[in-house]
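# Topology and contacts: notes
Now for the letters of each chain:
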Amino acid sequence: MRRRLFVMLATAVVLLVAAVVRMSPVSAVASDPYAYKNVRIDGGGFVPGIIFNPSERNLIYARTDIGGAYRWNQSTRSWTPLLDWVGWDKWGYNGVISLATDPVDTDRVYAAVGMYTNSWDPNNGAILRSADRGGSWQVTPLPFKLGGNMPGRGMGEALSVDPNDNSVLYFGAPNGNGLWRSTDHGATWSEVTSFPNPGNYAQDPNDPNGYLSHEPGVLWVTYDPRSSAEGSATRTIYVGVADKDNSVYRTTDAGATWQRVAGQPTGYLPHKGVLDTENGYLYIATSDTGGPYDGAKGDVWRYTTETGAWTRISPVPSSSEDDYFGYSGLTIDRQNPSTIMVATQISWWPDVIFFRSTDSGATWTRVWDWTSYPNRSFRYTMDISENPWLTFGGNPQPPETAPKLGWMTESLEIDPFDSDRMMYGTGATIYGTENLTRWDAGGQFTIKPMARGLEETAVLDLISPPSGAPLISGLGDIAGFRHTDLDAVPPMMFTSPTFTSTTSLDYAERNPSVMVRAGNFTDADRPNDSHVAFSTDGGANWFQGTEPGGVNEGGTVAAAADGSRFVWAPKGVAPVYSAGYGNSWQSASGLPTDAVVESDRVDPMTFYGLSGGRLYRSTDGGATFAATAATGLPAGGKFKAVPGRQGDLWLAGDGGLWRSTNGGASFSKAPGITKSVNVGFGKAAPGGTYMAVFAVATLDGVTGLYRSDDAGASWLRINDDEHQWGNMGEALTGDPRVYGRVYLGTNGRGIIYGDRTGPPVTVTPTVTPTVTPTVTPTVTPTVTPTVTPTVTPTAGGGCTATYKAGNQWPGGFQAEVTVKNTSASAINGWTVTWTWAGDEKITQLWNGTVTQTGAGVSVGNAGYNGNLSPNGTASFGFNGSSGPTHTPPATLTCTPS
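Quick caveat, the model's predicted, so the values are computed rather than measured.

Attention now goes to the overall build of the protein. Within the protein one finds zero helices and 67 strands. For 897 residues, the compact-globule estimate of 2.2 N^0.38 gives 29 Å, and the C-alpha radius of gyration of the protein, at 31 Å, lies within 12% of that figure. Projecting the C-alpha coordinates of the protein onto the three principal axes gives extents of approximately 105 × 70 × 50 Å. Looking at the protein as a whole, 60% of its 897 residues are labelled buried. Within the protein, contacts between residues separated by at least 24 positions form 57% of all contacts whose residues are at least 6 apart in sequence. The positive charge centre, built from 61 side chains, and the negative charge centre, built from 81, are 4 Å apart in the protein.

Taken as a whole, this structure holds 29 salt bridges when the rule is applied. Across the salt bridge formed by Arg 741 and Asp 755, the nearest N and O atoms sit 2.8 Å from each other. Taken together, the positions of Arg 741 in the loop between strand 57 (732–734) and strand 58 (742–745) and Asp 755 in strand 59 (residues 751–756) put the pair 14 residues apart, joining distant regions of the chain. Put simply, Asp 32, Arg 707, Asp 709 and Arg 756 are held in one network by salt bridges that share partners.

Moving on, we come to the sheet that holds strand 51 (residues 656–660). On the basis of which strands lie adjacent, the open sheet formed by four strands has the order 49-50-51-52 and antiparallel pairing. The open sheet has two free edges, formed respectively by strand 49 (638–641) and strand 52 (668–669), since each of these has just one partner strand. Relative to strand 51, strand 50 (residues 649–653) runs antiparallel, the two being bridged by five bridges. Among the inter-strand pairings, Gly 653 is bridged to a residue of strand 51, identified as Gly 656.

Turning our eyes to something else, we now look at the sheet that holds strand 24 (residues 340–345). Taken in spatial order, the four strands line up as 23-24-25-26 in an open sheet, and their pairing is antiparallel. Two strands lie at the open edges of the sheet, namely strand 23 (326–332) and strand 26 (365–366), each paired on one side alone. In this sheet, strand 25 (residues 354–357) lies alongside strand 24 in antiparallel orientation, the contact comprising four bridges. Bridge assignment links Ile 340 to a residue of strand 25, and that residue is Ser 357.

A few words on the layout of surface pockets. Considering only enclosed or pocket space, the second largest pocket measures out at about 1100 Å³ in volume. Around the second largest pocket, the lining comprises 36 residues; the ones closest to its centre are Phe 52, Pro 54, Thr 222, Val 274 and Arg 334. Elements with a minimum of two residues in the lining of the second largest pocket: strand 3 (49–52), strand 7 (96–101), strand 11 (159–161), strand 15 (218–224), strand 19 (269–276), strand 23 and strand 30 (412–414). With five residues, the single largest contributor to the lining of the second largest pocket is strand 19.

Time to look at a nonpolar patch on the surface. On the surface, Tyr 293, Trp 348, Trp 349, Trp 370 and Tyr 373 cluster together into a nonpolar patch covering about 600 Å² of accessible area. Take Trp 370: it is sitting in strand 27 (residues 368–370).

With respect to the helices, strands and loops of the structure, Ser 467 is situated in the loop between strand 34 (459–463) and strand 35 (471–475). Once residues lying within four places of it in the same chain are set aside, the contact partners of Ser 467 are Pro 512 and Arg 737.

Side-chain alternation along strand 4 (residues 60–63) places Ile 60 and Ala 62 on one buried face and Tyr 61 and Arg 63 on a second face that is also buried. When strand 3 meets strand 4, the two strands line up antiparallel, connected through four bridges. Each residue of the ladder has a partner; that of Gly 49, found in strand 4, is Arg 63.

Further remarks concern the confidence of the model for the protein. Residues of the protein with pLDDT of at least 70 account for 93%, and the chain-wide mean is 92. pLDDT under 50 marks residues 1–27. Its contacts with residues more than four places away, or in other chains, come to 80 contacts. A low-confidence stretch, residues 766–796 (pLDDT under 50), is modelled with 45 contacts involving residues beyond four sequence positions or located in other chains.

Residue placement: Ser 611 occurs in strand 46 (residues 607–611). Judged by relative accessible area, which is 18%, Ser 611 ranks as buried.

Moving on to the state of the cysteines. Inspection of the entire model under this criterion finds one disulfide. Cys 799 shares a disulfide with Cys 894; S-S distance 2.0 Å. Residues Cys 799 and Cys 894 are joined by a disulfide whose S-S torsion is about -105°; by sign, that bridge is left-handed. Remark: Cys 894 occurs in strand 67 (residues 893–896) and Cys 799 occurs in strand 60 (residues 799–809); sequence separation between them is 95 residues.

To continue, consider the packing of aromatic side chains. With the rule as written, the count across this model stands at 48 aromatic pairs. For the ring pair Tyr 327 and Phe 355, a centre distance of 6.1 Å and an interplane angle of 55° mean the geometry is tilted. Of this pair, Tyr 327 sits in strand 23 while Phe 355 sits in strand 25, and the two are 28 residues apart along the sequence. Taken as a pair, Tyr 327 and Phe 355 share a single burial class, namely buried. Arranged with centres 5.9 Å apart and planes meeting at 70°, the rings of Phe 392 and Trp 407 form a pair that is edge-to-face. Highlighted residues: Phe 392 in the loop between strand 29 (380–382) and strand 30 and Trp 407 in the loop between strand 29 and strand 30, separated in sequence by 15 residues. In this structure an aromatic cluster arises from ring pairing among Tyr 803, Phe 813, Trp 830, Trp 834, Trp 836, Phe 876 and Phe 878. Over the face of the ring belonging to Phe 499 we find Arg 517, whose NZ or CZ atom lies 4.6 Å from the ring centre. The ring of Phe 521 has Arg 526 sitting right over it, with the charged end atom 4.3 Å from the ring centre.

This model, assessed by the stated rule, comprises four cavities of 30 Å³ or more. If you add up the space inside the largest cavity, you get close to 140 Å³. Ile 97, Gly 152, Ala 158, Pro 216 and Val 218 are, among the 16 residues lining the largest cavity, the residues nearest its centre. Taken together, the elements giving at least two residues each to the lining of the largest cavity come down to strand 12 (169–172) and strand 15.

Now for unusual backbone geometry. Cis geometry is adopted by the peptide bond preceding Pro 292, which originates at Gly 291 and carries an omega value of 5°. Here the amide bond leading from Ser 496 into Pro 497 is cis, since omega sits at 0°, within 30 degrees of zero. Mapped onto the secondary structure, Pro 497 falls in the loop between strand 36 (482–483) and strand 37 (501–508). Even without being a glycine, Asp 477 presents a positive backbone phi close to 75°.

What follows is about the environment of Tyr 753. Within the secondary structure, Tyr 753 sits in strand 59. Assessed through its relative accessible area of 6%, Tyr 753 is described here as buried. In this structure the side chain of Tyr 753 is engaged in a polar contact, spanning 2.9 Å, whose partner is the side chain of Asp 487.

Cut-offs applied
Residue positions are counted from 1 within each chain, in the order its sequence is given. The predicted origin of the model limits local features to residues at a pLDDT of at least 70 and limits the giving and counting of side-chain atom pairs to 80 or more, whereas totals for whole chains, interfaces and linings rest on all residues. The basis for every side-chain value is the complete set of heavy atoms in the structure, and neither hydrogens nor water enter the calculation. Labels follow the DSSP assignment, with helices taken as runs of H or I lasting at least four residues and strands as runs of E lasting at least two, numbered in each case from the N terminus. Only C-alpha atoms enter the radius of gyration; for comparison, a globular chain is expected to reach 2.2 Å times N to the power 0.38, where N is the number of residues. Accessible area is worked out with a 1.4 Å probe on protein chains only. A residue is then buried under 20% of its type maximum, exposed over 50%, and partly exposed in between. We call two residues contacting when some pair of their heavy atoms lies within 4.5 Å. As used throughout, the charge tally considers Lys and Arg to be positive and Asp and Glu to be negative, leaving His and the chain termini uncounted. Every charge is mapped to an atom, namely NZ of Lys, CZ of Arg, CG of Asp or CD of Glu. Note on definitions: salt bridges are taken to be side-chain nitrogens of Lys or Arg within 4 Å of carboxyl oxygens of Asp or Glu. Whether two strands pair comes down to DSSP finding at least two bridges between them. Using protein atoms alone on a 1 Å grid, points that fit a 1.4 Å probe yet trap it form a cavity, whereas open point sets bounded by protein on both sides within 12 Å along at least five of seven lines form a pocket; residues with an atom within 4 Å of a point count as lining. Grid points are joined across faces, edges and corners, and a volume is the space filled by probe spheres set on the points. A patch consists of residues whose relative accessible area exceeds 30% and which take part in no salt bridge; residues with like charges are grouped when within 9 Å of each other, and nonpolar side chains (Val, Leu, Ile, Met, Phe, Trp, Tyr) when within 5 Å. Using the Shrake-Rupley algorithm and a 1.4 Å probe, accessible areas are obtained, with residue cover drawn only from the displayed protein chains. The score called pLDDT rates the predictor's confidence residue by residue, from a low of 0 to a high of 100. Cysteine sulfur atoms that pair up within 2.5 Å are treated as a disulfide. Pairing of aromatic side chains requires ring centres within 6.5 Å, counting the rings of Phe and Tyr and the six-membered ring of Trp. Pairs whose planes differ by under 30 degrees are stacked, by over 60 edge-to-face, and all others tilted. Only Lys NZ and Arg CZ are tested; either one counts as a charge over a ring when it is within 6 Å of the ring centre and within 35 degrees of the ring normal. Here a polar contact is taken to be a pair of N or O atoms separated by no more than 3.5 Å, where protein atoms must pair a possible hydrogen donor with a possible acceptor and residues adjacent in sequence count only if both atoms sit in side chains.

As structure tokens, then:
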């Protein structure tokens, strides 16, 4: 394919010339064919731009800030991704700062790409061009960076095609790089040196991270096609600039000279500039910031191109105390150009406001109005039955509603061929309507999600347990889901508590209904919530644990193989462990802060941590950790333990891929792999005994997704150059129930899952892995009791039992019981009994054995905690079900044995 191109700089004028080279080197690694699909969520991220082709019905594109670009498919009413070919070497190309569809040759489409203009993105930006609607692309690199995920990314469009001469394109660049032009369908570009103002606005010029100091620069280019005949370059062009004093410029000689438009408003930034060629009006929507998250003041202006008169037509002018927002999302009904709409930038509370005018801005109506506070009347209804999670699990009080009409609505577009169809982007999805004109008739129009196929989540973790739902996801911004059907949108994200982002997931390998998740949220919003949560029904329902002081972010968390305990390393806080479901936490000594933690998948008392190039191991349930002797490991990375094999670990990181079969005492490096991002495991191949190993890795110079059916002795590449998904691999796992199935997390393209399409595979189980460790395991399994009685029990001992109530939730509760030997001699066992006052039932118990008959409960010691010396203690914990409330037992009886 024609993909990667080089830059040639001329001496007189900077000229970018494209030349075709190979996208990836030839790999000697064998491949296995796969078919890939998205796990359906629909949306999940910010859509800053929706672009309708003005000449062809139903030709619509969408751009995202981190998830690439899409084309609308009218027959399936879904979006088709266009940039999945972007690989790790150019991952920033998935940040699309602007997109242009050719109004003359509608097969042509262009995208300006690059994710960050600071150090986060190592590459410069580029202009992509396609002659087959995004089916294939050619690339012209630019000599500067672009910011598809930087402040101001919702303004625009900065990239445009001349409607009279479609060989001419303009592009407005950020950070002082001015205005650029191509005269050969985007193949080469040169700076328009006559353009006088590159823009000077930055949200925070002194930001040391280089993020808020980004200057959006030249924002949009709007042509007046009336100024030239077809086939000749348009002579009159308007350009918007991020400069609050000098925001709109015009040329009347096809770009040879430029002038600041006289009489223009000042004090705000022109987010949008749209021309009504029938009535001769240029409209601009302004805000006091570049957005997309903020904006507190702004105006809407109409410029009469014939007379040069400016008229403020703001629905709520900036001079009003009622204006607490700027304006963006400006659009014209091309079938009835006197009808225009604009959106607030930004009205978080109680909701975004859309304004509509049918007389070119002389008068306006609102999409909702106040009636008697806190009540509102609505000109719309919302139907989110296809994506019910869009309520975010909320049940707000008036005047707020769930779902919200939207937020970050920088792109609000009326279909140029259909006055009834409108689409708009939000921070979570694309919404739309197909009966918009009911607004004008006094009725209600219906808004529905229109995001099928557009998957923009950033995936932070994935688990696929051996039973229950096939996949549980941890996501940025929308928490995560329990996916019972990969091809259906799940009904609701995780709640109780709701994390903004789920940073870590785990399940108990030998008891997979037990799960744990850790995550982030704004602590000031929910000061009583915890950053860790538990489930005992495979992720269908969750309840909170407690947390140690100082926790603000989730970090990583691991569940013991039997679900009896957990180790948690919150970000920035010393790691802790809990016997039970987080009712209390104790310090995990010897493990560095911010270590990555995992559990052994066989031994419930063994946990591992990775930090600073050292592997740490605990054999006492997370109480104490010690570094193993293994050396040569990467400073950071991801590692996982193999299900069903005690002490079998794989570690991915810079420099290679490593395996240990002795609990991390030593590691061997897999041959041929020079770098890896992540590793995961799935069902073994037919005839095989070792689980399939999946890795995002660089092998023979090719970064890809690989599978090994023989414990790393050989690898198959299972993706191809058309399916690279940018910086894939933050999350990765196989499916323990379906051979060959892989779940891949991307940063902005959602969850990808793949299944083999090749011929059947049979593996001979006698293959010897080439990564056999060189050190004989010295770890003794710790599943035997670690406490040995040293005192011969004598009769006549006594004990007490103390009940401590823990977390409660509707229909359920958690508790812990502490047993104490109160006699002068040791005891070698104990039994605690009580009677419930209500209909409580124990559903799961750890550190003991339970019998319940009706309301009567009897709990005996486990094999390892019955021996208590004088004043010695042991504890057990449990989850239970109850009616609306839980009443602790009045009396507990402890009997020693």
